[in-house]
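# Coordinate analysis (summary)
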Amino acid sequence: MIRVPTFPMAIRVPSILVLVGTVLMMPGCSGSAEEKNVAIPPAASEVTGEPTAKTAAPVEPSQPAVSATTAVKGWFTEVTKQAGLPAQQPWPDGLYLTPEITPGGVGLFDYDGDGDLDIYQVRHGEPREMPKSFKDPAPNRLYRQDADGRFTQVEDAAGLADPGYGHGCAMGDIDNDGDVDVLVTNYGPNKLYRNDGGAFVDISDEAGIGGDSWSSASAFVDYDRDGDLDLFVVNFGVFDATRRCGDSGAAGVGQSHDYCGPHLFEGVRDRLYRNDGGGRFTDVSESAGINAPARGWGVIAADLTGDGWPDLYVCNDEEPNQLWVNDGKGGFYDEAMLMGAALNGAGRVEASMGVTVGDVNSDGRFDLFMTHVASETNTLYTLGEGDFFSDDSSASGMAGVDLPYTGWGCGLLDMDHDGDLDLAVGNGRVAVGPVLATAQLGPYWSRYAEPNLLFRNEGEGRFRDLSDQAGGFTAKPGLTRGLAFGDLDQDGDIDLVSNGIDNHLAIFRNDAPKAGAHWLQARVLTAGRDALGAKVELLSAGMTQVRYVLRSYSYLASNDPRVHFGLGDESSPEAFRVTWPDGAVEAFEVERVDQTVILRQGEGSSDHAE
């Protein structure tokens, strides 16, 4: 049996010292589209050629392995049409305003309490000339899953339509009433909706969480362990619509316009809101020490130091990532640099977007994976002895595959139930590139389209590119941003739902080969709600697997909070061991495999608790 290690309390260093170290180590910014004083760009039909990307010169990706016109069979089958969702529609040409290419959130949750997952699509309006840009409501959509597995659009999204220029969402029960509430992050004021038995009420004003920033990721987390869910909101930057960017000349082509790189936008502080009860929140960011502006896209809210208190890991774009370590007294210190998770292995900043967490090498520790722009590899940080992360991107076998792509949504999942966590990544460019032969998104957007990627974990954190066997998920280039993970059809494996910058929603059913392989899935509840942040271990004679109860990971997504374990041929695991958000530990016997169970705090035993 693998021993799950305990972690010593990390050394607390004020964030100002970390920032000083960051300045000393900071490399020069990678090459981006140059700022130019130019007029509103011409139509896409008038533009040809390839500009430089927002990083170094991009590596040209290979063509997808499967033609988009071929009947595709593989590990993930696209079932969007069969599920009753709308077909993909043409998307108007963009106007090279950067917020056009960053949204596309999606959430999976049981909004009506009928026991199956519904889909919430965070939408945004079509590209418009300034000053009308980002003003038109899309609006957001809610799709209810019916008994036959098909989805029906709910009128007015049951109150979740939201008028904002939508980016992402977070979900959690803020009042412990058993209903899942929803936060929507926007380019503009965010919105908080209370779920009243399947109908949603906007409580943003009284809650005090609106703001007026370019917000991205968010997460509900009980950071102070007082029994209710607090809120963390990640912000990106201050957009200047008067700026126009284009080819720097490095590519040697005539492209005159492209989207501005992130270094041109001033970063914004993220926000931590304490839940005071009664639907009211207080902004405690300053008093908590979360005071460093950055350009953030992704977040993980979980105990990454092993001291029992949830930390906050933030993925930043072209500047160091932040790991806000919870001191257990209401304060946070950025220890990303000390723990090796601020820069890549070469000591460079990267354009971090999506992020996920899991034990990829079965050593009982939680590792981090995040996506980046083309010409930067995606990064796998594995946690080793001494609370230090190492960049194992190259050793994992993925770096050479994902280098040419720009990644967004991502998640670790055991898609084939062999006991190892595999990886799915959604892709789509932010700078013009060569049009792939199977791209079918029109002259403008096909230049930004890329296929998704799928990797199978071969054991010990070594991955094999499985994209040529992935079926519909990787079959054709797209504009994927949000990517959500959950067991939509209740068959015990994890399905995928994606959303794109063209408001295209797609479902991919998990059909991975699993002959003879067993599984277990658990919903973990405290005070009648999902125990976000709880650690769940599955104890077996041959191995111990570990998961966090999380909704917020990937990119702009809220996911199925149930923890899922593939077992291979193991048919008699011993027990679940749950470390609850308040620090209590309980064990629950496993009666049989191949089922979904509910674990409630207070109903376990002290057996296996140590």
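Residues numbered from 1 in each chain as written. Predicted model: local features only at pLDDT ≥ 70, side-chain atom pairs only at ≥ 80, totals over all residues. Heavy atoms only, no water.

With that out of the way, let us pick up the state of the cysteines. Tallied over the full model, the rule gives one disulfide. With a sulfur-sulfur separation of 2.0 Å, Cys-245 is cross-linked through a disulfide to Cys-260. In this structure the cystine formed by Cys-245 and Cys-260 twists about its S-S bond by roughly 95°; its chirality is therefore right-handed. Here the residue Cys-245 occupies a position in strand β13 (residues 244-246), and Cys-260 occupies one in the loop between β13 and β14 (266-267), the gap between them amounting to 15 residues. Cys-410 provides the cysteine sulfur closest to Cys-315, a residue in no disulfide bond, and the two sulfurs are 7.8 Å apart. You can call Cys-315 buried: its relative accessible area is 0%. Here Cys-410 falls in the buried class, since its relative accessible area comes to 0%. (Disulfide = S-S within 2.5 Å. Helix = DSSP H or I, 4+ residues; strand = E, 2+ residues; numbered from the N terminus. Buried < 20%, exposed > 50% of the residue type's maximum accessible area, 1.4 Å probe, protein only.)

Sheet strands pair by backbone hydrogen bonding; their relative direction is either parallel or antiparallel. Taken in spatial order, the four strands line up as β17-β18-β19-β20 in an open sheet, and their pairing is antiparallel. In the strand order of this sheet, the two ends are held by β17 (296-302) and β20 (332-334), each with one partner. Sheet twist, expressed as the mean angle between neighbouring strand axes with direction ignored, is 20°. Where β17 and strand β18 (residues 311-316) come together, six bridges link them in antiparallel fashion. Pairing of Gly-298 across the sheet is with Cys-315, part of β18. (Pairing = 2+ DSSP bridges. Axes fitted to C-alpha atoms, helices over the stretch in contact; angles between N-to-C directions.)

Moving on, we get to the confidence of the model for the protein. Model confidence for the protein is summarised by a mean pLDDT of 88, while 86% of its residues fall at 70 or above. Low pLDDT, under 50, characterises residues 248-253; the stretch is placed with eleven contacts to residues that sit more than four places away or in other chains. (pLDDT = per-residue confidence, 0-100. Contact = heavy atoms within 4.5 Å.)

If you walk through the whole model with that rule in mind, you get 32 aromatic pairs. For the ring pair Tyr-187 and Trp-214, a centre distance of 5.6 Å and an interplane angle of 80° mean the geometry is edge-to-face. Placement of the pair is Tyr-187 in strand β8 (residues 181-195) and Trp-214 in strand β10 (residues 213-221), with a sequence separation of 27 residues. Connected via pairs of aromatic rings, a cluster forms that spans Phe-134, Tyr-165, Tyr-187, Trp-214, Phe-236, Phe-239, Phe-265, Trp-297, Trp-408 and Tyr-555. The aromatic ring of Trp-309 is capped on one face by Arg-225, whose charged end is 4.1 Å from the ring centroid. (Phe/Tyr/Trp six-rings, centres within 6.5 Å; stacked < 30°, edge-to-face > 60°. Lys NZ or Arg CZ within 6 Å of the ring centre and 35° of its normal.)

Applying the stated criterion to the full structure yields 21 salt bridges. Between Arg-144 and Asp-146 there is a salt bridge, and its shortest N-O distance comes to 3.0 Å. With a relative accessible area of 22%, Asp-146 lands in the partly exposed category. The salt bridge involving Arg-577 is made with Glu-537; its shortest N-O contact spans 3.0 Å. With Arg-577 in strand β38 (residues 575-579) and Glu-537 in strand β34 (residues 535-539), this residue pair connects regions lying 40 residues apart in the sequence. Under the relative-accessibility criterion, Arg-577 is labelled buried at 13%. Since its relative accessible area comes to 3%, Glu-537 is described here as buried. Among the charged side chains, a salt-bridge network with shared partners connects Asp-416, Asp-418, Arg-456, Glu-458 and Arg-464. (Salt bridge = Lys/Arg side-chain N within 4 Å of Asp/Glu carboxyl O.)

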